[in-house]
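Notes for the structure review
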Amino acid sequence: MALRWSIWALPVFLALPGEAADLRGHGGPVRAIVATADGRIATASFDTTIIRWVPARGVAETVLRGHEGAVNALIALPDGGYASAGEDRRILLWPREGHVPRATLEGHEAPIAGLALSLDGTEIASASWDGTIRVWPLAGGTPRVIDAHKGNVNAVAYLPDGTLASAGYDGQLILHKGTDAPRIIEIGVPLNALVRAGDELAVAAADGQLRLVNPVTGAIAALPIAEVPIVALAASPDGRIIGAAGFRGALALVDRPARNIQRRMSGPAFPLWSLAFSPDGREVLTGGADRLVRRWVVATGEPVNPVLAEAPEARVQALANHPGAEVFKACGACHTLSPDDGNRAGPTLHGVMGRKVGTAEGYAYSPALLDKPIIWSRETIARLFEIGPNAMLPGTKMPEQVVNRAEDREALVDFIEKATR
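Rules used in this analysis
- Residues numbered from 1 in each chain as written.
- Predicted model: local features only at pLDDT ≥ 70, side-chain atom pairs only at ≥ 80, totals over all residues.
- Heavy atoms only, no water.
- Helix = DSSP H or I, 4+ residues; strand = E, 2+ residues; numbered from the N terminus.
- Contact = heavy atoms within 4.5 Å.
- Areas by Shrake-Rupley, 256 points an atom, 1.4 Å probe, with all protein chains shown as cover.
- Axes fitted to C-alpha atoms, helices over the stretch in contact; angles between N-to-C directions.
- Parallel < 35°, antiparallel > 145°, perpendicular 65-115°, else oblique.
- Left-handed = near helix turned anticlockwise from the far one by under 90°.
- Buried < 20%, exposed > 50% of the residue type's maximum accessible area, 1.4 Å probe, protein only.
- Pairing = 2+ DSSP bridges.
- Phe/Tyr/Trp six-rings, centres within 6.5 Å; stacked < 30°, edge-to-face > 60°.
- Core = buried A, V, L, I, M, F, W, Y, C linked by side-chain atoms within 4.5 Å.

1. Quick notes on the overall build of the protein
Tallying secondary structure elements over the protein gives 4 helices and 28 strands in all. Sequence separation of at least 24 residues holds for 44% of the intrachain contacts in the protein that already meet a minimum separation of 6. Accessible area for the protein stands at about 17,000 Å²; split by element, carbon and sulfur atoms hold 53% of it.

Here is the structure:
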């Protein structure tokens, strides 16, 4: 069965420091990765946040909050900022520095699944499940609305001559150029992702096949990749290799000119939502449902860093057998325990006991938490997980979690107290 909710994560090319760590900090699937030539990396997630990273340390530098739902797409802008879009139907334009969007673009009537920046840097295109594409001038003004698909539009990409390509659930790859009539290339199955590679367009489909399309002739070559939908694509800097990720974690590297699979990578067996190649083509990065951004060696298929276990941080290995360590696993997606690891999607818990709500250094809290007269203690943390974050902290962005059993709450609180001293 095809997936109506399949989405596209934008491919990017980045230079990573030799000592770069896997990026661990989102509280939900990583839906998009963006990096720039100066070494900055940003990611977007189902947890509603965008994180700017310190790549060499693998820690969050800044957590950007502004969306009211999953962030499905993220692109870099010419001024060093970002554009993000997602489930809340809005596009937010972020400055290079700071926590507040400089502009909000609204008009879509359903979630936005994809973004693309024109090659001249003057406009961005957005693909939405409302069946339309909107082209937004970055200098301001009224967007151009393109209504050509029959259903969800999942991806957009620009060609060098300014042609805008779009792919949708209706199985159509459509080429839009100026005032010319749209050119429709029928694929015949729902399309989830789209990327330009060399002089071709690579299209990911719900039938598990990768289509390579010549935009001039309309010729199509199909390569079977997986038995499940392909949901993410990336192209190497020279356009010769295409990374294609399947819904169950299958990752294949395709030699585009040779029309064959060069290598299959063995990774986590759950969805990979985003891919990126390093500029030399030696590494590929993946982001997915395990909430991490991992690095892989293209030549060997091996991870650059060992796959992180779900155990507590190395600094608290002495507490590995503590009964609260198991309960804490869900918390570890967003919170660190030690002073060196910094903030993630949530603030660090180091020194949390006796700390007032909303006061962890360097963390951008929801405004509703800044005036809460609550001090974290064994009692208040236990209460948080008894009644849930929304009841105790109205306005919080923390995912709703409740620990139902009193003995589990007590174990969790004891573990947090001991691990964060």
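2. Some details on the packing of helix 2 (residues 378–387) against helix 4 (residues 406–419)
Their axes nearest at 9 Å, the elements helix 2 and helix 4 cross at an angle of 135°. Here helix 2 lies oblique to helix 4, going by the angle between them. Regarding helix 2 and helix 4, the two cross each other, and that crossing is right-handed. In this structure, helix 2 contributes Arg 378, Ile 381, Ala 382, Phe 385 and Glu 386 to the contact, and helix 4 contributes Arg 409, Glu 410, Leu 412, Val 413, Asp 414, Ile 416 and Glu 417.

3. Some thoughts on the pairing of strand 6 (residues 71–76)
Most of strand 6 is tucked away: 5 of the 6 residues are buried. Sheet topology places strand 6 next to strand 7 (residues 82–86); 5 bridges connect them, and they run antiparallel. Its bridge partner lying in strand 7, Ala 76 is registered against Tyr 82. In sequence, strand 6 turns back onto strand 7 through a hairpin of 5 residues, with Gly 80 there showing a positive phi of about 95°.

4. Describing the packing of aromatic side chains
By convention here, two paired aromatic rings are described through the distance between centres and the angle between planes. Taken as a whole and judged by the stated rule, the model has 2 aromatic pairs. Geometrically, the ring pair formed by Phe 328 and Phe 415 is tilted, given 5.3 Å between the ring centres and 45° between the ring planes. On the criterion of sequence distance, the pair formed by Phe 328 in helix 1 (residues 323–328) and Phe 415 in helix 4 is long-range, its members being 87 residues apart. Just as Phe 328 is buried, Phe 415 falls in that class too. Between Tyr 363 and Tyr 365 the ring centres are 4.8 Å apart and the planes differ by 75°, which places this aromatic pair in the edge-to-face class. Owing to a relative accessible area of 12%, Tyr 363 belongs among the buried residues under this scheme. Note on Tyr 365: relative accessible area 16%, which makes it buried.

5. Section: the pairing of strand 14 (residues 153–158)
Strand 14 sits mainly inside the fold: 6 of its 6 residues count as buried. Between strand 14 and strand 15 (residues 164–168), which pair antiparallel in sequence order, lie 5 residues; one of them, Gly 162, sits at a positive phi of approximately 95°.

6. Considering the sheet that holds strand 14
Taken in spatial order, the 4 strands make up an open sheet running 14-15-16-17, and their pairing is antiparallel. Two strands lie at the open edges of the sheet, namely strand 14 and strand 17 (183–186), each paired on one side alone. Put simply, the sheet's adjacent strands are angled 20° from each other on average, direction ignored. Sheet topology note: the strand 14/strand 15 ladder contains 5 bridges and is antiparallel. Paired with Val 156 across the two strands is Ser 166, which belongs to strand 15.

7. A word on the environment of Tyr 158
Mapping Tyr 158 onto the fold places it in strand 14. Overall, Tyr 158 belongs to the buried group, its relative accessible area being 6%. Along the backbone, Tyr 158 and Ala 116 are 42 residues apart, and their C-alpha atoms lie at a distance of 7.0 Å. Residue contacts for Tyr 158: discarding those within four places in its chain leaves Ala 116, Leu 117, Ser 118, Leu 119, Glu 123, Ile 124, Ala 125, Val 135, Thr 163, Leu 164 and Arg 196.

8. Quick look at the environment of Ile 33
Position of Ile 33 relative to the elements: it lies in strand 2 (residues 30–35). Under the relative-accessibility criterion, Ile 33 is labelled buried at 0%. The spacing of Ile 33 and Ser 274 is 241 residues in sequence and 6.5 Å in space, taken between C-alpha atoms.

9. Thoughts on the nonpolar core
Phe 328, Trp 376, Leu 393 and Phe 415 are the most contacted members of the largest nonpolar core, which totals 37 residues. Mapped onto this core, the elements with two or more residues apiece are strand 2, strand 4 (49–54), strand 5 (59–65), helix 1, helix 2 and helix 4. No other element matches helix 4, which puts 5 residues into this core.

10. A closer look at the sheet that holds strand 5
The antiparallel open sheet is built from 4 strands, whose spatial order is 2-3-4-5. Whereas interior strands pair on both sides, the edge strands pair on one side only; in this sheet they are strand 2 and strand 5. In this sheet, adjacent strand axes meet at a mean angle of 25° when their direction is disregarded.

In short, geometric facts, not functional conclusions.
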